[in-house]
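# Structural overview for review
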Amino acid sequence: MAFPSINEQMDVIKRGTVDVLPEDELVKKLERSIKENKPLVIKQGFDPTAPDIHLGHTVGIRKLRQFQELGHQVVVIIGDYTAMVGDPSDKKSTRPRLSHEQVMAHAQTYQDQFFKILDKEKTRVRFNGDWFKKMTFEEIMSMAASFTVARMLERDDFARRYAAQLPISIHEFFYPLMQGYDSVEIKADVELGATEQKFNLVIGRHIQKEYGMEPQIILTMPVLEGLDGKQRMSKSLGNYIGIDEPANEMYGKTMSIPDELIYRYFELVTDVSAGELAEIKAQLEDGHTNPRDLKARLARTLVRMYHNAEAAQSAEEAFRNLFVKKDIPDDMPVFPLKEDMRIVDVMTAAGMAESKGAARRLIQGGGVSLDGEKINDPFYNITPGDPRVLKVGKRKFVRITPALS
RNA sequence: GGGGAGAUUGCGGAGCGGUCAAACGCAACAGACUGUAAAUCUGUCGGCCAAGUGCCUUCGGAGGUUCGAAUCCUUCUCUCCCCA
């Protein structure tokens, strides 16, 4: 197999990348790979702590995909053992430890989703439990001996937690060591991770040296901000776009990102070419283009990537009808009504409000309408007559129909 | 091993015997304005009841004192700090 030239490879590798450390070593590795016609081993680890992959994860996965396209060997590590520790990076507290069963179940759904982006044939998947569960205590001690507490405490989050008098459990110190040891096991040439992973990635270099290996290159990718534009995209913060989400959801969520993120999303999570990227950037800055239109293009692009062109088209139409023309959506959940019910009861029963109190407050706050008419009376009675559309907030709709009994 | 401090409603953080479902800030939700963007302004922010000086659950867990406890006592669990 012929590899592209060093420059071509570096251009691809550096798109969107924050750090390549050290860059000259990477160039050397690439040179050697071309000379010996041998692919580099590219590693990225994933904690199967949450079962859904969202756009934030795809930043790294897509970089792996690019390496595959360049002809290199991608190894995805499922951190079944490390997940039981829980990565303390960027967390202010100890994560709950997961059971091995939970982890394995998550791992399966993870893999299904990986291959929406990665080429399955060209990907090796390894579980780090494969080697960790066989380790003797002696081996664990020698691994632990390769690193000092002082260096461990240099790490930002540990330092912060220590200073803030928050608990740090000993087992959390194992996380970076284990991740580093994974690189030893698979003889990684390059390890990819988010910027917050930098410390862990550097430890990988350190440990590889301890084990007499050539250290890996570390490549850090930015952490993608979520829908709120401030915090990292994450499932637990609820500000994410999942790659398995229905087309309309995906489109709508994309439209709600702040304008400042439009370019970043194009750069990090879509395939638009370098030329198009430059054009988008220019349009965002020229003051003539409505950022909304670029955002719509982003939304279409994403839906096309994870669904298809028709879905993108219809999601866009649905979005326009709903929010530009303020029509009601075509599809909405149906609530069968058997007998008269008060509106607050319907809202709670249909899952549109957490409690009757909350429903009442929504009504009093003017957030509820029935067939387009604002309802102000929390005791309003709905009768199972004609089908009616109940709207709560901006985007919760339910169609009330008489129950067929 | 010894001594000290602490655990409050999503988070931070007041409260230190009744007036506490618990100040304030953040987040969140709804409304106005918009481009389901941002910023700003307004309202809400434990649950239940046709809604009131109403009832129920909540201030780490379990007991106790008291007419009355987030507040006092005992004990347990967890955390942090200092000493060894």
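Residues numbered from 1 in each chain as written. Chains lettered and ligands numbered in written order. Predicted model: local features only at pLDDT ≥ 70, side-chain atom pairs only at ≥ 80, totals over all residues. Heavy atoms only, no water.

With mixed pairing, 6 strands are arranged side by side in an open sheet as β1-β6-β5-β2-β3-β4. A single partner strand is all that each edge strand has here, and the edge strands are β1 (19–21) and β4 (123–127). Each strand of the sheet is rotated relative to its neighbour by a mean of 20 degrees, with strand direction disregarded. Two elements, β1 and strand β6 (residues 217–221), share 3 bridges in a ladder whose sense is antiparallel. Of the residues in β6, the one forming a bridge with Asp19 is Thr220. (Pairing = 2+ DSSP bridges. Helix = DSSP H or I, 4+ residues; strand = E, 2+ residues; numbered from the N terminus. Axes fitted to C-alpha atoms, helices over the stretch in contact; angles between N-to-C directions.)

For the rest of this paragraph, the subject is helix α14 (residues 274–286). Residues spaced three or four apart along an α-helix face the same direction, because each turn holds 3.6 residues. Taking 1.5 Å per residue, 13 residues should reach 18 Å; α14 reaches 18 Å between its end C-alpha atoms and fits that length. Directly beyond the C-terminal end of α14, a positive phi value near 80 degrees is found at Gly287. (Expected span 1.5 Å × (residues − 1).)

A word on the packing of aromatic side chains. The tally for this structure, following the rule as stated, stands at 10 aromatic pairs. Ring-pair connections join several aromatic residues into one group, and the members of that group are Trp131, Phe132, Tyr181 and Tyr211. Above the face of the Phe158 ring, Arg155 is positioned so that its terminal group lies 4.6 Å from the ring centre. Over the face of the ring belonging to Tyr240 we find Lys253, whose NZ or CZ atom lies 4.6 Å from the ring centre. (Phe/Tyr/Trp six-rings, centres within 6.5 Å; stacked < 30°, edge-to-face > 60°. Lys NZ or Arg CZ within 6 Å of the ring centre and 35° of its normal.)

Strand order in this open sheet of 5 strands is β7-β13-β12-β9-β10, and the pairing throughout is mixed. One side of each edge strand has no neighbouring strand; the edge strands of this open sheet are β7 (334–337) and β10 (373–374).

Taken together, 32 residues lie near RNA strand B, and Gln165, Asp259, Phe319, Lys356 and Arg360 sit nearest. Restricting attention to atoms of RNA strand B within 4 Å of the protein, one finds that 74% of them are sugar or phosphate atoms. In this structure, a base oxygen belonging to RNA strand B sits 3.3 Å away from a main-chain N or O atom of Gly252. For the surface near RNA strand B, the secondary-structure elements that each account for two or more residues are α15 (291–306), α16 (309–324) and α18 (356–364). (Near = heavy atom within 4 Å. Polar contact = N/O pair within 3.5 Å; in protein donor to acceptor, adjacent residues only side chain to side chain.)

On to the pattern of salt bridges. Enumeration over the complete set of coordinates arrives at 23 salt bridges. The residue Asp19 makes a salt bridge to Lys198 at a minimum N-O spacing of 3.0 Å. A residue pair is termed long-range when its members are at least 10 positions apart, and Asp19 in strand β1 and Lys198 in helix α11 (residues 198–210) qualify at 179 residues. For Lys198, a relative accessible area of 34% puts it in the partly exposed group. Close ionic contact of Lys122 with Asp119 constitutes a salt bridge, the shortest N to O distance being 3.9 Å. The class for Asp119 is partly exposed, based on a relative accessible area of 22%. Beyond isolated ion pairs, a larger network of salt bridges with shared partners links Lys29, Arg32, Asp189 and Glu214. (Salt bridge = Lys/Arg side-chain N within 4 Å of Asp/Glu carboxyl O. Buried < 20%, exposed > 50% of the residue type's maximum accessible area, 1.4 Å probe, protein only.)

Of all the 6 residues making up strand β3 (residues 73–78), 5 are buried; the element is thus mostly covered by neighbouring parts of the structure. Pairing of strand β2 (residues 41–46) with β3 involves 6 bridges; the strand directions are parallel. Across the sheet, the residue bridging to Phe46 is Ile78, located in β3. Pairing analysis gives 5 bridges linking β3 to β4, with the strands arranged parallel. Across the sheet, the residue bridging to Ile77 is Arg126, located in β4.

Turning to the domain arrangement of chain A, a few remarks are in order. Here the domain parsing of chain A yields domain 1 (6–221), domain 2 (247–324) and domain 3 (334–402). Placing the centre of domain 1 and that of domain 3 at their C-alpha centroids yields a distance of 49 Å. (Domains from an automatic or database assignment.)

For chain A, the average pLDDT comes to 87, and 95% of its residues sit at 70 or higher. pLDDT under 50 marks residues 89–94. Its contacts with residues more than four places away, or in other chains, come to 18 contacts. (pLDDT = per-residue confidence, 0-100. Contact = heavy atoms within 4.5 Å.)

Below, the discussion takes up the nonpolar core. Core analysis: the largest hydrophobic core is formed by 60 residues, its most contacted members being Leu26, Leu55, Val190 and Tyr265. Of the residues forming this core, the biggest block, 7 residues, is contributed by α15. Split by domain, this core shows at least three residues from each of two domains, domain 1 (6–221) and domain 2 (247–324). Apart from the residues within four sequence positions on either side, Val190 is in contact with Leu26, Leu40, Val41, Ile42, Lys43, Phe67, Gln216, Ile217 and Leu219. With 23 residues, the next largest nonpolar core counts Val75, Trp131, Met152 and Phe173 among its residues. (Core = buried A, V, L, I, M, F, W, Y, C linked by side-chain atoms within 4.5 Å.)

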